[in-house]
Amino acid sequence: MAAANTTSLLGEMFSGGIYKRNQGRLVRQGTFFGIVAIVAVGCITLANTILADQATPIRVGGSSALAVLGAWFAWRVVNYPKFADFLIAVEGEMDKMSWPDWAYLWRALGVVLTMLVLFTAYMFVCDVFWNWLFETIRFLDISTPTTPTP
């Protein structure tokens, strides 16, 4: 097992195996899809900005080639032994957690949304009050300057 953990990342990129296939599947799949999403957004941005002036085959082909390479990189990095062991440990720790039930989650959401609305209303009242006060004492004299005529 120690020999499997000494593989370099560059050497792992050209491998096709799956490291500990049935361990940490959810976290590894989530990490894979997260990396793929970041790569996809980057490729779309590349096609619409830097390569926007290029011909369509170059723009689409270049972005697609980078997307495929990014997907391969994501696949290989979640199977890199050191990183895969970390992700397996993360899933093991997540399994030990006690997650709240839906009723508690909805109550907590209600509390958060209520406080958000109350805080927003408070900030609105403060803004109106201070705006009124500053306009009354002419602290904020926002008048358009007149330009002298030549």
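Small disclaimer: the values here were computed from a predicted structure and weren't measured.

What follows covers the nonpolar core. Among the nonpolar cores identified, the biggest contains 6 residues, and these are Val 27, Phe 32, Ala 74, Val 77, Val 78 and Leu 87. Counting only elements with at least two residues in this core, the list comes to helix H2 (25-48) and helix H3 (56-77). Phe 32 has contacts with Ala 71, Ala 74, Trp 75 and Val 78, leaving out every residue within four places of it along the chain.

At a minimum axis distance of 8 Å, the contact between H2 and helix H4 (residues 81-96) shows a crossing angle of 120°. As the angle between them shows, H2 and H4 are arranged oblique. At the point where H2 passes H4, the crossing takes the right-handed sense. On the side of H2, the interface is formed by Arg 25, Leu 26, Val 27, Arg 28 and Thr 31, while H4 contributes Phe 83, Ala 84, Leu 87, Ile 88, Val 90, Glu 91 and Met 94. In the contact of H2 with H4, the residues fall into 8 nonpolar, 1 polar and 3 charged.

Moving on, we get to H3. In a regular helix each residue adds 1.5 Å, so 22 residues correspond to 32 Å; H3 covers 31 Å between its end C-alpha atoms and thus fits that length. Among the residues of H3, Ser 63, Gly 70, Ala 74, Arg 76 and Val 77 are the ones counted as buried. For H3, the buried positions fall inside an angular range of 165° around the axis, keeping them on one side. Away from the buried face of H3 by more than 90 degrees, exposed residues Pro 57, Val 68 and Leu 69 are located.

Quick notes on the rules
Residues numbered from 1 in each chain as written. Predicted model: local features only at pLDDT ≥ 70, side-chain atom pairs only at ≥ 80, totals over all residues. Heavy atoms only, no water. Core = buried A, V, L, I, M, F, W, Y, C linked by side-chain atoms within 4.5 Å. Buried < 20%, exposed > 50% of the residue type's maximum accessible area, 1.4 Å probe, protein only. Helix = DSSP H or I, 4+ residues; strand = E, 2+ residues; numbered from the N terminus. Contact = heavy atoms within 4.5 Å. Axes fitted to C-alpha atoms, helices over the stretch in contact; angles between N-to-C directions. Parallel < 35°, antiparallel > 145°, perpendicular 65-115°, else oblique. Left-handed = near helix turned anticlockwise from the far one by under 90°. Nonpolar A, V, L, I, M, F, W, Y, C, P; charged D, E, K, R; others polar. Expected span 1.5 Å × (residues − 1). Arc of directions from axis to C-beta.

Keep in mind that these numbers describe shape and distance, not what the molecule does.
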